[in-house]
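# Architecture and fold: a report
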Amino acid sequence: MLLKTLCETHGVSGDEGRVRDILLEAVRPYAARITVDVMGNLIVYKKGESADKTIMLCAHMDEVGLIVSAITESGYLKFQTVGGVDARVLVGKRVVVGQNNITGIISLKAIHLQTKDERTAAVKEKQLYIDIGAKDKADAERVVSLGDYAAFDTAFGEFGDGCWKAKAFDDRCGCAVLARLIQERCAYDTYFCFTVQEEVGCRGAQIAANRVRPDMALVLEATTCSDVSGAPKHLEVTTLGGGAAFSTLDRGSYSDVELTKKLYGMAQAEGVMVQYKRTTMGGNDARAVQTAVGGCKTCAVSVPCRYLHSPVSIVSAADYEAVYQTAKLFLTRAKELI
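Everything in this summary refers to the structure shown in the same document.

Counting residues in hydrophobic clusters, the biggest one holds 59 residues, and the most contacted among them are Phe 169, Leu 181, Phe 192 and Phe 194. Contact partners of Leu 181, with chain neighbours within four places excluded, come to Leu 57, Phe 192, Leu 220, Tyr 324, Ala 327, Lys 328 and Leu 331. Val 64, Leu 77, Phe 79 and Leu 128 belong to the second-largest nonpolar core, a separate cluster that totals 21 residues.

Here we come to helix α7 (residues 257-269). Here α7 spans 18 Å end to end across 13 residues, near enough to the 18 Å set by a 1.5 Å rise per residue. Buried within α7 we find Leu 259, Thr 260, Leu 263, Tyr 264, Met 266 and Ala 267. The arc that holds the buried residues of α7, viewed along the axis, is 160°, so those residues lie on one side. Of the residues in α7, the exposed ones pointing more than 90 degrees away from the buried face are Val 257, Lys 261 and Ala 269.

On to the packing of aromatic side chains, then. Counted under the stated rule, the structure contains 8 aromatic pairs. Look at Phe 156 and Phe 169: their rings are 6.1 Å apart centre to centre, the planes differ by 75°, and that puts the pair in the edge-to-face class. Of this pair, Phe 156 sits in the loop between β9 (149-152) and β10 (157-159) while Phe 169 is found in helix α5 (residues 169-181), placing the two residues 13 residues apart along the sequence. Pair check on accessibility: Phe 156 and Phe 169 agree, each one buried. It is Lys 335 that lies over the ring of Tyr 188; its NZ or CZ is 5.9 Å from the centre.

Scoring rules and cut-offs
- Residues numbered from 1 in each chain as written.
- Predicted model: local features only at pLDDT ≥ 70, side-chain atom pairs only at ≥ 80, totals over all residues.
- Heavy atoms only, no water.
- Core = buried A, V, L, I, M, F, W, Y, C linked by side-chain atoms within 4.5 Å.
- Buried < 20%, exposed > 50% of the residue type's maximum accessible area, 1.4 Å probe, protein only.
- Contact = heavy atoms within 4.5 Å.
- Helix = DSSP H or I, 4+ residues; strand = E, 2+ residues; numbered from the N terminus.
- Expected span 1.5 Å × (residues − 1).
- Arc of directions from axis to C-beta.
- Phe/Tyr/Trp six-rings, centres within 6.5 Å; stacked < 30°, edge-to-face > 60°.
- Lys NZ or Arg CZ within 6 Å of the ring centre and 35° of its normal.

So this is what it looks like as structure tokens:
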């Protein structure tokens, strides 16, 4: 299963090469032209039934994680987070560090050694470190270097009734959908863009969109699903099992109203489960794509994801399939949408 392989492959923002290599092999048989640009974006062109318009589909390859910023004399690794990671979800989690996947555990001073203030305050990033079992700094430096990335070490698996658990669903779900879609017919000439560095500012998408100059674009994502204990109904954002989640606006972009309504209605008419996001928090590559060159009509559709940006997230297989079916409609019936 491609999604499983992608989720278990490590690709923190700025270090997406291993993810890109897997996708490259998956899409190569269906591509008319493949480009890997200087940023590391994978841009795959497929000729459509018409060349009158240019379509772009976009998903980002990178995931949130950590980067080694210092090595202590005792051989522990201090780190900075890459992307939006809450330090409170990190304690005791397993990671792999560097290209050789050195196993590490994110650790914190034992509770019986903490002051009263330390025990009652929220954990801060500066208090944490990665223990790789090194005897001292020299021992650690034999296997790890400053600037090495650390990714969460989480196995993909089935979870509950019809769900999956893994790390990096954001946005390996979108990448897996794109890799499936390239096998479908295209109404217009289409660029399938697997972008880099979304989690640190949508940098890859900005370059890719300026290169492609699309007339219409669909951004495929994973988005927050907070249908959990204690969350008010109006702040749940999306509902797990509720279908593909359409954005109206967020902190970085406005989805094109006409395009969004048409695609939403088209999906409903075809019996695809769809829902709207109920808050405007967050953002995605749509903010870069929407304003590229002269601008383009853009829509964002996401897989709802519990515990986003954490060492383990949960998605519904039915929601994932709904996003695929929605994106397939966008691709094959683009002439009705543009």
